[in-house]
Each structure stands twice: as structure tokens, then as C-alpha cells.
Amino acid sequence: FTQLEKEQNQNYINTILTGVNSNIETIERLITDYSKWDDTYDFIVNPNPEYIHENFRSGTTTLVDLGLDFIFFTNLNQETIYSKYPHSILEKSKEELETAIYKKFKGDNNISTIFKYKSYSLYLIKSKILKSDHSGSVRGHIYTGKIISNDNLNEITKVFKKMYISNKNISSPKFKNQLSYLKDVHVNITTQDSIILNNIQLYDYENKYVFSINTEN
């Protein structure tokens, strides 16, 4: 294909990568409002129904409004103090999901990344629980995330005629980008009957492969 088509395709790839990166950033910013808050700092060591009623009482759509599929609060012993799962599929296996996340994301560090759980690709944020002014010792963590679906990707951009999640991982060169969360991306570009096919491979914060995005244009 022509140099112009090549440059346009690279711009399109950057558009979807920037959108995925922005989604991670948005979730991180939302959850920081909860994890760096005196009320949460007190709640994690002294659980009280007032906190839950104010923020997550039954009948409210707080997490849905925030675009999140799950949230759970843990203390330093990795005991779940509170959890909420608007997404029914994840709720059915919540104990297994939480165990998988604990095992993968150890330590006290904040993490904003993508994560594979069974057949699902997820945005995953882990945030330290501190006081509102970010002071005090860490008392636990909040974990939250969202399933990355084909619909979710196609909400980011319509530049591709077709775009969908795949587990196809073809040996490919690294794709240069300046993104804060998706630092390791590889792209395989081929053509078929004048159609440009991209296999965009996304890796997590440890540079381990998670999933691919296939596009046609």
C-alpha cells in the first residue's frame, strides 16, 4: 500500500491505543477519589454501614454511572472488606476473580493496567488507601475494573471498518508510542485484497501479553 495509506493506518492505530490508554487513566482518576479519602481510610479499619449507604447503597447505580464492572476494598491482610459487582458474570465468580487479582498484583504499589481473567480482558486499577491529603500509612487497597468488549472498543473510534478483540499473537515489531500505560505494544500489518489488516498486541505493566485488537480498513 502507499506511503499515505501507511501513515494514515498508523494514525488510526494511535487513535485506538490512545483511547484504550485514556480509559485506563479515567478509571484510575475516578478510583483515586475513593482511595485517597478520609472516609475510606476510616472505613477500611472500622467498616460501617453509613459509608456503604452513602456510596453504594442498594438501588443506586454509582458503579454503572462510573462505567465500572466491579470494585472491592481490601485491608492489608488481603481480606475483602466490601465488594460490589454490577456485572453479573463477574459476580458469579467474584471470589475466584479476587483471588486471581491478589495473586497477580502483590505489594503496596499502585497499578493501572490491563488484565486477563479467563476469557475476559479487563481494565484493572489497584489504588492505595490513604488519607485525603495522601498522607498516613497504607491501610489497604481498592481494586476496580471493567471488561473490555468489542462494543467498548468501537465506542472509542469509528476509523476502522471492522475492529474486534482477538487472542491472535503474531510475532511482530514493537509499535512506538508515548502512552503512559500501554508502553509495550506490537503490531503486525498485512494486506489482503487491498484491505489493511492490523493485529495490535497489547501487553500489561510487566510487559506480558494480554490480548490483541484486530482491525480492517
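Structural data are supplied above this passage.
About the thresholds
- Residues numbered from 1 in each chain as written.
- Predicted model: local features only at pLDDT ≥ 70, side-chain atom pairs only at ≥ 80, totals over all residues.
- Heavy atoms only, no water.
- Helix = DSSP H or I, 4+ residues; strand = E, 2+ residues; numbered from the N terminus.
- Buried < 20%, exposed > 50% of the residue type's maximum accessible area, 1.4 Å probe, protein only.
- Contact = heavy atoms within 4.5 Å.
- Areas by Shrake-Rupley, 256 points an atom, 1.4 Å probe, with all protein chains shown as cover.
- Lys, Arg positive; Asp, Glu negative; His and termini not counted.
- Charge placed at Lys NZ, Arg CZ, Asp CG, Glu CD.
- Pairing = 2+ DSSP bridges.
- Axes fitted to C-alpha atoms, helices over the stretch in contact; angles between N-to-C directions.
- Core = buried A, V, L, I, M, F, W, Y, C linked by side-chain atoms within 4.5 Å.

Chemist: Teacher, can you tell me more about the overall build of the chain here?
Modeler: Looking only at helices and strands, the chain features seven helices and nine strands. Every one of the 217 residues in the chain was classed for burial, and the buried ones make up 43%. Of all intrachain contacts in the chain linking residues separated by at least 6 positions in sequence, the fraction that spans at least 24 positions is 55%. Total accessible area on the chain is roughly 11300 Å²; 46% of this is exposed by carbon and sulfur atoms. Charge-centre separation for the chain: the mean point of 25 positive side chains lies 6 Å from the mean point of 26 negative side chains.

Chemist: Just to check I follow, could you spell out the sheet that holds strand 9 (residues 209–216) for this structure?
Modeler: Hydrogen bonds along the backbone pair up the strands of a sheet, which may run parallel or antiparallel. Taken in spatial order, the four strands of this open sheet run 6-9-8-7, and their pairing is antiparallel. If you trace the sheet from one side to the other, it starts and ends with strand 6 (162–166) and strand 7 (185–192), each paired once. In this sheet, adjacent strand axes meet at a mean angle of 15 degrees when their direction is disregarded. Both strand 6 and strand 9 contribute to a ladder of five bridges, which runs antiparallel. Residue pairing for strand 9: Ser-166 is matched across the bridge by Ser-212. In the packing of helix 1 (residues 3–35) onto the sheet, the strands contacted are strand 6, strand 7, strand 8 (195–203) and strand 9, and the crossing angle to strand 8 comes to about 35 degrees.

Chemist: When you look at the sheet that holds strand 4 (residues 120–128) in this model, what are you seeing that I'm missing?
Modeler: Taking strand neighbours across the sheet as the criterion, the five strands line up as 2-1-5-4-3 in an open arrangement whose pairing is antiparallel. A single partner strand is all that each edge strand has here, and the edge strands are strand 2 (80–84) and strand 3 (111–117). Neighbour to neighbour, the strand axes of the sheet diverge by 20 degrees on average, direction disregarded. Across seven bridges, the pairing between strand 3 and strand 4 is antiparallel. Residue Tyr-117 lies in a different strand from strand 4, and its bridge partner there is Tyr-120. Against the sheet, helix 1 makes contact with strand 1 (70–75), strand 3, strand 4 and strand 5 (140–147), and its axis sits at roughly 35 degrees relative to strand 4, the strand it touches most.

Chemist: Explain the nonpolar core to me, please; I cannot follow it from the model alone.
Modeler: The tendency in soluble globular proteins is for nonpolar side chains to be buried side by side. Judged by nonpolar contacts, the single largest core of 39 residues is most densely connected at Leu-17, Ile-114, Ile-200 and Ile-213. Among the elements of the structure, helix 1, helix 2 (38–43), helix 3 (49–56), strand 1, strand 4, strand 7, strand 8 and strand 9 are those that each provide at least two residues to this core. Of all the elements, helix 1 adds the most residues to this core, at nine residues. Filtering out sequence-adjacent residues up to four positions away, Ile-114 remains in contact with Ile-24, Leu-122, Tyr-123, Ile-148, Leu-182, Leu-202, Tyr-203, Asp-204, Val-210 and Phe-211. Ranked by size, the runner-up nonpolar core spans 15 residues in total, among them Phe-70, Phe-115, Tyr-117 and Ile-147.

Interpretation note: all reported values are geometric properties and have no functional meaning in isolation.
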